[in-house]
Amino acid sequence: MSKVKMISPAVPNVPWQDRKDGKTTGCPDAPIWRYNENPIIGRNPVKGVARIFNSAVIPYEGEFIGVFRGEQTNGIPYIYLGHSKDAIHWDFNANKIDFVDEEGKPFMPVYAYDPRLVKVEDTYYIIWCQDFFGASIGMAKTTDFKTFTRIENPFLPFNRNAVLFPRKINGNFMMLSRPSDSGHTPFGDIFVSESPDLVYWGKHRHVMGKGNEWWESLKIGGGAAPIETSEGWLLFYHGVSGTCNGYVYSIGGAILDIDNPSIVKYRCENFLLTPEEWYEERGFVPNVCFPCATIHDSESGKIAIYYGAADSYVGLAFTELDEIVDYIKSNSKVSASDTEIGIR
């Protein structure tokens, strides 16, 4: 029985692999380990799609479903639907998702990438980055994974890395995002915004900025949907460092206040996972671990983390709630801007 309570539905068939010989494969002492048959999705997974990565999955009707960034052979990314019985071996629809507007008419984005997938109440929401006369956030909703209806773009350009919280807070939808610029942004902090109706967004608050540690010294961005726990919102995010050979993306962990998630309670100064394996270090964009989703079981505390690897593959890692919360708290270093309410 976990000491920390996870407030979410039980997922008894959560994908899982025990750590080998009790060893971890993340930061030397971080309680996180990679699936030993990674990557779970390789190259050319669908006709006309060269690579799938930076994708999100969720339990659905006793099995699993996901939205996947499919980089087409022409270089244009779109979102593809996938199904799985075990959340490890995936079957993909041959065609990209056909989005429609509120009247049911075709309404496709120019491109779409890095989707997140979050269930709030009885509706599933897909959030992605797209063109809105500049890099911006696109959103759609579905209740059956057959009809995907676009809803209002929440923010002006330029913005990326948006993800909804899995429940309303004080009656409002809450969304993390990372304002940026028109290029491959050399800066970026995480902000939170709220909305009563997914149309009008406001009360924007700063959550946290880049860190002092090497692995998040350039910029940060949201990752998987926050997990509600008795300690606060458990957040797996990405941190980026700049090197003479380009950017390096690592996975970090933080815990946000349960009622006011602009306040950071704990923020781990160590990375949880950084590129070390061949499929993370070698690919279309080398040296990337980019978290986009978790599947987690509230009964056992098991957490499976899905991450994009080198913009070429999907990797899977595991941790346990008690251990990862203890590790983040024990290695926490928060700044004044982390702990303030985030408004100036």
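Above this text you will find the structure in question.
Residues numbered from 1 in each chain as written. Predicted model: local features only at pLDDT ≥ 70, side-chain atom pairs only at ≥ 80, totals over all residues. Heavy atoms only, no water.

(A) How the structure looks around the nonpolar core. Core analysis: the biggest nonpolar cluster contains 43 residues, and Ile40, Trp90, Leu117, Ile126 and Tyr306 have the highest contact counts within it. Secondary-structure elements contributing two or more residues to this core are strand E2 (49–60), strand E3 (63–72), strand E4 (77–84), strand E7 (112–120), strand E8 (123–131), strand E20 (289–296), strand E21 (302–309) and strand E22 (313–320). With six residues, the single largest contributor to this core is E2. Judged by nonpolar contacts, the second largest core, of 33 residues, contains Val118, Ile169, Trp215 and Val264. (Core = buried A, V, L, I, M, F, W, Y, C linked by side-chain atoms within 4.5 Å. Buried < 20%, exposed > 50% of the residue type's maximum accessible area, 1.4 Å probe, protein only. Helix = DSSP H or I, 4+ residues; strand = E, 2+ residues; numbered from the N terminus.)

(B) Seen up close, empty space enclosed by the protein. Enumeration over the complete set of coordinates arrives at one cavity of 30 Å³ or more. By volume, the largest cavity is sized at about 40 Å³. Residue lining of the largest cavity: Asp114, Arg116, Ile127, Trp128, Cys129, Ile137, Arg160, Asn161 and Ala162, and that is the complete set. Elements with a contribution of two residues or more to the lining of the largest cavity: E7, E8 and strand E11 (159–164). Of the residues belonging to the lining of the largest cavity, the class tally is five nonpolar, one polar and three charged. (1 Å grid on protein atoms, 1.4 Å probe; cavity = no way out; pocket = protein on both sides within 12 Å on 5 of 7 lines; lining within 4 Å. Points joined across faces, edges and corners; volume = space filled by probe spheres on them. Nonpolar A, V, L, I, M, F, W, Y, C, P; charged D, E, K, R; others polar.)

(C) Spotlight on the side chain of asparagine 159. Residue placement: asparagine 159 occurs in strand E11. A distance of 3.1 Å separates the side chain of asparagine 159 from the backbone nitrogen of arginine 178, its partner in a polar contact. Dropping the residues within four chain positions of it, asparagine 159 is found in contact with Cys129, Ala135, Ser136, Ile137, Ser177, Arg178, Pro179 and Ser180. (Polar contact = N/O pair within 3.5 Å; in protein donor to acceptor, adjacent residues only side chain to side chain. Contact = heavy atoms within 4.5 Å.)

(D) Geometry of the sheet that holds E20. Taken in spatial order, the four strands line up as E1-E22-E21-E20 in an open sheet, and their pairing is antiparallel. Sheet topology places strand E1 (32–34) and E20 at the edges, where each strand pairs with a single neighbour. Direction aside, neighbouring strands of the sheet carry axes that sit 30° apart on average. Across eight bridges, E21 lies against E22 in antiparallel orientation. Within E22, the residue paired with alanine 304 across the bridge is phenylalanine 318. (Pairing = 2+ DSSP bridges. Axes fitted to C-alpha atoms, helices over the stretch in contact; angles between N-to-C directions.)

(E) Broad picture of the pairing of strand E12 (residues 173–179). Taken across its seven residues, E12 has six buried, putting it largely inside the fold. Bridge count between E12 and strand E13 (residues 190–195): five bridges; the pairing is antiparallel. Bridge pairing links methionine 174 to glutamate 194 in E13.

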